[in-house]
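Letter by letter, the chains look like this.
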Amino acid sequence: MIDTDLIVIGAGAAGLSAGIYAARSGISVIMIDGSETGGQTAQIDSLENYPGVFPATNGISFTDTLRKQAESFGAKTVFDQVTSIYKKGNLFHIVTTKGTYISPAAVYTTGAEHSKLNVPGESELYAKGVSYCAVCDGPFFKGRNVSVIGGGDSACSEALYLSGIAGHVDLFHRRGALRAQEALSDKVLADPKITVHFNRAVKSIDGSDRVTGITVYDPETSEEEKVNTDAVFIFAGMVPRTELLETLPKDKFGYIIANEKMESSVKGLYIAGDVRSKPLRQIVTACSDGAIAGFFAAEYVKEKKLQS
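Residues numbered from 1 in each chain as written. Predicted model: local features only at pLDDT ≥ 70, side-chain atom pairs only at ≥ 80, totals over all residues. Heavy atoms only, no water.

1. As for the pattern of salt bridges
The following threshold applies: Salt bridges are defined by distance alone: a side-chain nitrogen of Lys or Arg within 4 Å of a carboxyl oxygen of Asp or Glu. Each helix corresponds to a stretch of at least 4 residues labelled H or I by DSSP, and each strand to a stretch of at least 2 residues labelled E; elements are numbered beginning at the N terminus. Here's how the labels work: a residue is buried when its accessible area is under 20% of the maximum for its type, exposed when over 50%, partly exposed in between, all with a 1.4 Å probe on protein chains only.
Counted by the stated rule, this structure contains twelve salt bridges. In this structure, Lys187 engages Glu48 in a salt bridge whose closest nitrogen and oxygen atoms are separated by 3.1 Å. Remark: Glu48 occurs in the loop between β3 (29-33) and α2 (59-72) and Lys187 occurs in helix α5 (residues 182-190); sequence separation between them is 139 residues. Lys187 gets classed as partly exposed once you look at its relative accessible area, which sits at 40%. The partner of Glu113 in a salt bridge is Arg241, and the shortest N-O contact between them spans 3.7 Å. One end of the pair, Glu113, is in strand β9 (residues 112-114); the other, Arg241, is in the loop between β18 (238-240) and β19 (269-271), with 128 residues separating them in the sequence. Several salt bridges share partner residues, and in doing so they unite Arg200, Asp218 and Glu225 into one network.

This is the structure:
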């Protein structure tokens, strides 16, 4: 078992920011990073709306800088997978595939993952033309026709990224208007290499050993249409990763509820980033959550030390 003052679970923008603020406060911090280094931020091709970061940078560079910054203050990064969390007395036990970490406080920043469409062909053709990350897989389809599913910020951002690589991008959205921020929507609608198809939902992803097309339909009339495509990039919402804290109070969408200090209903456990219930999920708000969580977690740890 390894003892430390604070364990940060997840090392995306929120977790790394928590590590910076907590370590800079003078306590010992271990940040446990799973398989997706940098979280969703690492998948961003062009981060253009983070205050003070201009010209735009990519997500990998941004999170790499955050990590180095946290480590410069003494935070340590451990690459491992957390399998369970429990509190015994006043201490949290963070169990991983390689061992157990013990600390009086923890910050939970596991983020969210992409929702699945749950249509025929989606799981069967995953990595054979079905993808949830344009930055990861877009270059495989240079000059070819691809489809994007969704109408929010992620779908529009990824469609714009793909338009610089693919021959043409078809974006399918089940509603009559895009849900993305106006600046993003305007760019998508103005891009000559992107065709937006409103009121179109996906019935199936077609192909045998690779994607060859999709079947879409009008949700109101049920009229179907087959569209040829070489790849399908799905951005249909997010699901919070709360499986390690199933008993904590959540909002109606499944996000964990925490107060303005990022405190959960469990003393010493802080929630930050996309896994937390809040009105806006952006990198800047994840960093804000992390900074607040790291600061108050450090204050909590110091108070416990004075009492012991």
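Having seen the structure, we can now continue with the description.
2. Things to note about the environment of Gly254
Heads up, the condition is: Contacts are assigned to residue pairs with any non-hydrogen atoms lying within 4.5 Å of each other.
Looking at the secondary structure, you find Gly254 in the loop between β18 and β19. Considered as a pair, Gly254 and Ser277 are 23 residues apart in the sequence and their alpha carbons are 8.1 Å apart. Discounting chain neighbours no more than four positions away, the residues touching Gly254 are Pro240 and Thr242.

3. Quick notes on the sheet that holds strand β14 (residues 201-206)
Formally: In this scheme, strands are said to pair when DSSP sees at least two bridges between them. Here the axes come from fitting lines to C-alpha atoms, over the contacting stretch only for helices, and the angles between their N-to-C directions go from 0 to 180 degrees.
A sheet is described by the order of its strands in space; here three strands give the open sequence β14-β15-β16, paired in antiparallel fashion. Since the sheet does not close on itself, it has two edges, and those belong to β14 and β16 (224-228), each with one partner. Strand-to-strand twist in this sheet, taken as the mean axis angle between neighbours without regard to direction, amounts to 25°. When strand β15 (residues 213-217) meets β16, the two strands line up antiparallel, connected through five bridges. If you follow Ile214 over to β16, its bridge partner there is Val227.

4. Topic: the pairing of β14
Most of β14 sits out of view: five of its six residues are buried. Here β14 runs beside β15; their pairing, made up of five bridges, is antiparallel. Within β15, the residue paired with Ala201 across the bridge is Tyr217. What sits between β14 and β15 in their antiparallel hairpin is a turn of six residues, with Gly207 showing a positive phi close to 140°.

5. Examining the pairing of strand β17 (residues 231-234)
Burial along β17 is two-sided: Ala231 and Phe233 and Val232 and Ile234, pointing in opposite directions, are all buried. Pairing of strand β11 (residues 145-149) with β17 involves four bridges; the strand directions are parallel. Of the residues in β17, the one forming a bridge with Ile149 is Ile234.

6. A word on the nonpolar core
Our working rule: Here, nonpolar core means buried Ala, Val, Leu, Ile, Met, Phe, Trp, Tyr and Cys residues that are tied together by side-chain atoms lying within 4.5 Å of each other.
Counting residues in each nonpolar core, the largest one holds 33 residues, and the members touching the most others are Leu6, Val29, Phe62 and Val107. Within the residue set of this core, elements represented by two or more residues are β2 (6-9), α1 (13-24), β3, α2, β8 (105-108) and α6 (283-307). Per element, the largest residue contribution to this core is eight residues, and it comes from α6. When residues no more than four places from it in sequence are discounted, the contact partners of Val107 are Leu6, Ile7, Val8, Ile9, Ala18, Tyr270, Ala272, Ala293 and Ala297. The next biggest cluster of nonpolar side chains, apart from the first, holds 22 residues, and it includes Phe141, Ala166, Ala180 and Leu184.

7. A closer look at unusual backbone geometry
A cis amide bond links Phe54 to the next residue, Pro55, at an omega of 0°. Mapped onto the secondary structure, Pro55 falls in the loop between β3 and α2. Even without being a glycine, Asn199 presents a positive backbone phi close to 55°. Residue placement: Asn199 occurs in the loop between β13 (194-198) and β14. Given a relative accessible area of 31%, Asn199 falls into the partly exposed group. You will see that Met262, though not glycine, has its phi angle at about 70°, which is positive. With respect to the helices and strands, Met262 occurs in the loop between β18 and β19. A relative accessible area of 3% places Met262 in the buried class.

From the geometry alone we can't say anything about function, so treat these as descriptive.
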